[in-house]
Amino acid sequence: MTPTEPRPETFWDRTKKALGPVAVVLTVIAKFFAKLKFIVIPLLKFLPLLLKSGGTMLLMVWVYAAMWGWRFGVGFVLLLLVHECGHLIVARKFGLKVGAPVFIPFMGAFIALKEAPRNAWVESCVGIGGPMLGTVGALACNILGETFQSPVFIALAWFGYFLNLFNLTPVGMLDGGRIVAALSRWLWLPGFAILLYFGWTHPNFIVWLLVLASLPRVFSLFRRRTEEEERYYEVTTARRWLMSFLYFGLIALLISGMQLASRDLERQGLPAHQRVERPVYQ
């Protein structure tokens, strides 16, 4: 080979030429993540909160989307989130420490109060906060459904009305049981009867679990209250009337909303009681 002849390109030369741009890109990415660690590491402190709320929320979206379609699944979980945010806002308004909403497929969602309410009035206000904001969310779906002629939003509205109405049953650990603590604890008895009837006519594991969880409060009606309990359930007459108006007015509004949404669905040939696997939710 003479000095003027070019050296033949070897396999190693071709490999370096091919991998050269890749090495440059990897170097840039490495430098980027080296700077990003100052942001990512502090955010990792919030990972438990994200797992408790966002993680369980995404899990529930995935479960319901697989069953009913992604649009209905996302909308349904967002309605639950709005409901729980109602409890969260009121609880913090009263200075109570609360945890992030936790979502459990087929059981719903809840927030954990890290300290007990000071009295029945506070418990009642926290209890009604969820159904009130949840009703606003259902009404918003109803308005969107009417405006855009969307069966998905109307169906979401119907389910939103129903879930908030069910939660207003005055028994046990449901919102209604907490609300009527400021009215009359004896309302737990008809509420318990309603829950039993619902569980008998619509057999459901969750309903019977609620029945069992409600028993301690029902039994507490038939024992003598301590002085501390007497003070806890002391509520002024004005507050009783106010909560009565909010509670029974909300029940009437939700029943009317369900009827309205049912008529809208029936006009489109989609009765609300039919299975949600219908194509409207896909």
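Predicted model, so just to flag it, every value in this text is computed and none were measured.

> How would you summarise the confidence of the model for the protein if you had to cite specific residues and measurements?
In the predicted model, the protein carries a mean pLDDT of 79, and the fraction of residues at 70 or more is 73%. Counting interchain partners and residues more than four positions distant, the pLDDT-below-50 stretch residues 35–47 has one contact.

> So what about the environment of Thr 201? Which residues, and what values?
Of note, Thr 201 is situated in helix α7 (residues 188–201). In this structure the side chain of Thr 201 is engaged in a polar contact, spanning 2.9 Å, whose partner is the side chain of His 202.

> Which residues make up the pattern of salt bridges, and what are the values?
It is possible for side chains of opposite charge to pair when their charged atoms get near one another. On inspection of all chains with the given rule, the structure shows five salt bridges. With a shortest N-O distance of 3.7 Å, Glu 123 and Arg 178 are connected by a salt bridge. Pair noted here: Glu 123 is in helix α4 (residues 120–148) and Arg 178 is in helix α6 (residues 175–179), with a separation of 55 residues, a long-range link. A salt bridge links Arg 217 to Glu 123, with the nearest nitrogen and oxygen atoms 2.7 Å apart. Pair noted here: Arg 217 is in helix α8 (residues 205–220) and Glu 123 is in helix α4, with a separation of 94 residues, a long-range link. In terms of burial, Arg 217 and Glu 123 fall into one category: buried. The structure contains a network of salt bridges with shared partners spanning Glu 123, Arg 178 and Arg 217.

> Describe a nonpolar patch on the surface, listing the residues and the values that go with them.
On the surface, Trp 70, Val 74 and Leu 78 cluster together to form a nonpolar patch covering roughly 300 Å² of accessible area. Relative to the helices and strands, Trp 70 resides in helix α3 (residues 70–93). You can call Trp 70 exposed: its relative accessible area is 58%.

> Describe in detail the packing of α3 against helix α5 (residues 151–167), supporting the description with residues and values.
Between α3 and α5, the shortest axis-to-axis distance is 10 Å and the interhelical angle comes to 35 degrees. The interaxial crossing formed by α3 with α5 has right-handed handedness. In this structure, α3 contributes Arg 71, Phe 72, Gly 75, Phe 76, Leu 79, Leu 80 and His 83 to the contact, and α5 contributes Val 152, Ala 155, Leu 156, Phe 159, Gly 160, Leu 163, Asn 164 and Asn 167. When the residues that make up the contact of α3 with α5 are grouped by side-chain class, the tally is nine nonpolar, five polar and one charged.

The rules behind these values
Residues numbered from 1 in each chain as written. Predicted model: local features only at pLDDT ≥ 70, side-chain atom pairs only at ≥ 80, totals over all residues. Heavy atoms only, no water. pLDDT = per-residue confidence, 0-100. Contact = heavy atoms within 4.5 Å. Helix = DSSP H or I, 4+ residues; strand = E, 2+ residues; numbered from the N terminus. Polar contact = N/O pair within 3.5 Å; in protein donor to acceptor, adjacent residues only side chain to side chain. Salt bridge = Lys/Arg side-chain N within 4 Å of Asp/Glu carboxyl O. Buried < 20%, exposed > 50% of the residue type's maximum accessible area, 1.4 Å probe, protein only. Patch = residues over 30% accessible without salt bridge, like charges linked within 9 Å, V, L, I, M, F, W, Y side chains within 5 Å. Areas by Shrake-Rupley, 256 points an atom, 1.4 Å probe, with all protein chains shown as cover. Axes fitted to C-alpha atoms, helices over the stretch in contact; angles between N-to-C directions. Left-handed = near helix turned anticlockwise from the far one by under 90°. Nonpolar A, V, L, I, M, F, W, Y, C, P; charged D, E, K, R; others polar.

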